[in-house]
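# Residue-level structural notes
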Amino acid sequence: MNVILMTILGCTLPGLATGVGALPIFFAQRVSQRVLDTLLGGAAGVMLAATCFSLILPSITYGGGDFKAVMVTSLGILAGAVLLDAIDKYAPHEHLMDQRIEGHRAQSLKKIWLFVIAITIHNFPEGLATGVGFGTDNLANGIAMATGIGLQNMPEGMAVALALVREQYSRRFAFLVALATGCVEPVGAFLGLGLVHIFQPLVGFILALAGGAMLFVISDEIIPETHANGYERQATYGIIVGFIVMMILDILLG
């Protein structure tokens, strides 16, 4: 397949997986919290493995694999985390699972916009990571990243849709909003792709920046939400299985 077409598809299709994950709300009357937490744990595991094997390790390798490369990667990881922390603090949003409201003037915004902003914060770094993966010379690395992001987007799409249904929104509206969450990712993906090509000497740092952003989302958003409902052990095993699945995929595709 043409490399350009593969890149475009790889930057676009993972975001649409959120809509695929939301489809069960039309057929299932109820998804148990145990199943949802386990699936979200699996999504966190996939993201964690993708961060390690498709972003952080390639960042070190790209920099030459020496101590200086490790320091540049470390700085990039920290910068990505700080960037997401700033967005999380100052952009009004609502956490999807426990309805914690954060950010300036959050109470004055309509609830649906709090959801939309939260979705943007959560998904943008995933798209950024996908684009950065395709921006390197290793196409297989981008494919592995896109596959991993697509896999973990499906339980996220279900979680978003179920959260909206619980707030008495229609199933059709909940599905459309879940699908819209994925539309944020191609924006981040093409931005990441452009950053790599424009700032070629900084590829290692940009890879690590995306990795740090992903780590922040995993630790600050997904894991706490899967451990807040009494199913911590199931969610933990979900993380482990998700990590293993993505590790295998990364080896097979890479």
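All values reported here derive from a predicted model rather than from experimental measurement.

Attention now moves to the UniProt feature "transmembrane region" (unreviewed entry) in the protein chain. Mapped onto this structure's residue numbering, the UniProt feature "transmembrane region" (unreviewed entry) falls at residues 6–27, 39–57, 69–87, 173–196, 202–223 and 235–253. End-to-end, the C-alpha atoms of residues 6–27 are 33 Å apart, and along that stretch the chain is 77% helix and 0% strand.

With respect to the helices and strands, the residue Leu-40 is situated in helix α2 (residues 33–62). Here Leu-40 falls in the buried class, since its relative accessible area comes to 6%. Along the backbone, Leu-40 and Gly-157 are 117 residues apart, and their C-alpha atoms lie at a distance of 10.0 Å. Those residues in contact with Leu-40 that lie beyond four places of it in its chain are Pro-155, Glu-156, Ala-159, Ile-222 and Thr-226.

With that settled, consider the environment of Cys-11. You can see Cys-11 is positioned in helix α1 (residues 3–22). Since its relative accessible area comes to 3%, Cys-11 is described here as buried. For Cys-11, the residues in contact, after removing those within four places along its chain, are Thr-130, Gly-131, Phe-134, Pro-186, Ala-189 and Phe-190.

Parameters at a glance
- Residues numbered from 1 in each chain as written.
- Predicted model: local features only at pLDDT ≥ 70, side-chain atom pairs only at ≥ 80, totals over all residues.
- Heavy atoms only, no water.
- UniProt positions renumbered as here; feature names shortened; annotations may be inferred.
- Helix = DSSP H or I, 4+ residues; strand = E, 2+ residues; numbered from the N terminus.
- Buried < 20%, exposed > 50% of the residue type's maximum accessible area, 1.4 Å probe, protein only.
- Contact = heavy atoms within 4.5 Å.

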